[in-house]
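Summary of structural features
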Amino acid sequence: MKKSIISAILAGVMAISTMSFTAFAADTDITKKPDIDGKIISVDEVSELKWLSDYSYQETATETGIPVNFAGCTVKITGDITNVGNFKPIKEFNGNMEGAVEGKAYATIGGLNVNETSGGAGICAKSANGTFTKLIIADSTIHTTDANAGAFAGNGFTSSFNDCKAINVNVTGRRFVGGITGYCYGNITDCVVTADEGKTSIIASNNPSGLLALSSGDNVGGIVGYMGEGRMTVSGCEVTNAVIEGTRQVGGISGFENYGNTIDHCKVLKSKIYSKGKLTIGANRTPNVGGIVGQFNQGTSTQWLTVTNNTVEDVAISQAHSGKSYIGWAVGDSHYTEDSNYYVVSGNSQSNVTLTLNESAAPFAEIGNEVTNLKTDN
């Protein structure tokens, strides 16, 4: 009788132990519905952040007034969220996401590990007409083997980013890679990409030394990889302690700027910028790299290109390709505008900037700025 009782107790203990282990093992994937008040969603835990992701992949909405793309909704990050771990990007975020930690200027989301094989990578894969304000992404790795990578949105499309920071981040993708967003048709204001003392933030294509003919590895920028046409502005942004590298169209602030856009009052400090693409026979592509912008597109009579009042200091810029190269401390390649009056490049300053070309490369003297402090790589 005693043996039967003991056996039953042991069996119960083993069952409880097994249940506890299972629950513990799944803990990192637990999601918890956050507080929802109308169209305001308050998030302050890892499990609630992951609920946003899970919800975005549903085919239809299950919460009243909350569409799966969060259009018209506001997500308030009301507490710092650290050690997030593996994270599936929110599929599409078309609402407002803002830091709202009491007594703090920003809310921090830290320890993200995003590793995608398709689609965009960031807190959000894509964001259309969304806004991101007073947020920090810290100590995180954002990676996709596909295009579009950025700490906040891989494809920022028509969204805006205001007073956001990416600190100690490693952002990589096939192309369209930026510290804040990889691809954008919106405004980016007062955003920062930086790293703590002794650390470096890396913004790079997966294969920065790849073949230029493949269009891979291009459009890489400290803030934004590709900025589409239509009078968008990147203003008051700063990149510090960063390494930015790709095949071509690589810039300290923006890899590529289309017509009508403006970059003003931005800073690139204590960073390294590389354009490493390899030209193939018959390829109609040339590497280009600049301290502020990698490459311009052509301006128009109604939509000028403007790069004014920016600062580049303590920056090393290099071009590894052996051939005609486009390199500059401000704009790497503005050759699309050689016969055009529709651009303004003025008021920019540089200090302690070095430009290094492959030994057999020939520099292109960019419009509006001389190629200065140039040396060859021996």
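The structure we're discussing is the one just above.
Let me begin by describing the structure that accompanies this report. Please read all numbers here as calculations on a predicted model, not as lab measurements.

Along its length, the chain carries 2 helices and 38 strands. A burial count over the chain gives 52% of its 378 residues as buried. At a minimum sequence separation of 6, the contacts of the chain that also span at least 24 residues come to 78%. Here the chain displays about 16000 Å² of accessible surface, and carbon together with sulfur accounts for 49% of that area.

Turning next to the pairing of strand β25 (residues 248-251). Note that strand β20 (residues 218-221) and β25 share 3 bridges and pair parallel. Opposite Asp218, over in β25, you have Arg248 as the bridge partner. Here β25 pairs with strand β29 (residues 288-290) via 2 bridges, running parallel. Counted as the bridge partner of Val250 is Val289 from β29.

Our next topic: the environment of Lys276. Note that Lys276 resides in the loop between β28 (267-275) and β29. Given the relative accessible area of 26%, Lys276 is considered partly exposed. In this structure the C-alpha to C-alpha distance between Lys276 and Val250, which are 26 residues apart in sequence, comes to 9.4 Å. The residues contacting Lys276, other than those within four sequence positions of it, are Pro208, Ser209, Glu245, Gly246, Thr247 and Ala320. A polar contact of 2.9 Å, which involves the side chain of Lys276, links it to the side chain of Glu245.

Cut-offs used in this document
Residues numbered from 1 in each chain as written. Predicted model: local features only at pLDDT ≥ 70, side-chain atom pairs only at ≥ 80, totals over all residues. Heavy atoms only, no water. Helix = DSSP H or I, 4+ residues; strand = E, 2+ residues; numbered from the N terminus. Buried < 20%, exposed > 50% of the residue type's maximum accessible area, 1.4 Å probe, protein only. Contact = heavy atoms within 4.5 Å. Areas by Shrake-Rupley, 256 points an atom, 1.4 Å probe, with all protein chains shown as cover. Pairing = 2+ DSSP bridges. Polar contact = N/O pair within 3.5 Å; in protein donor to acceptor, adjacent residues only side chain to side chain.

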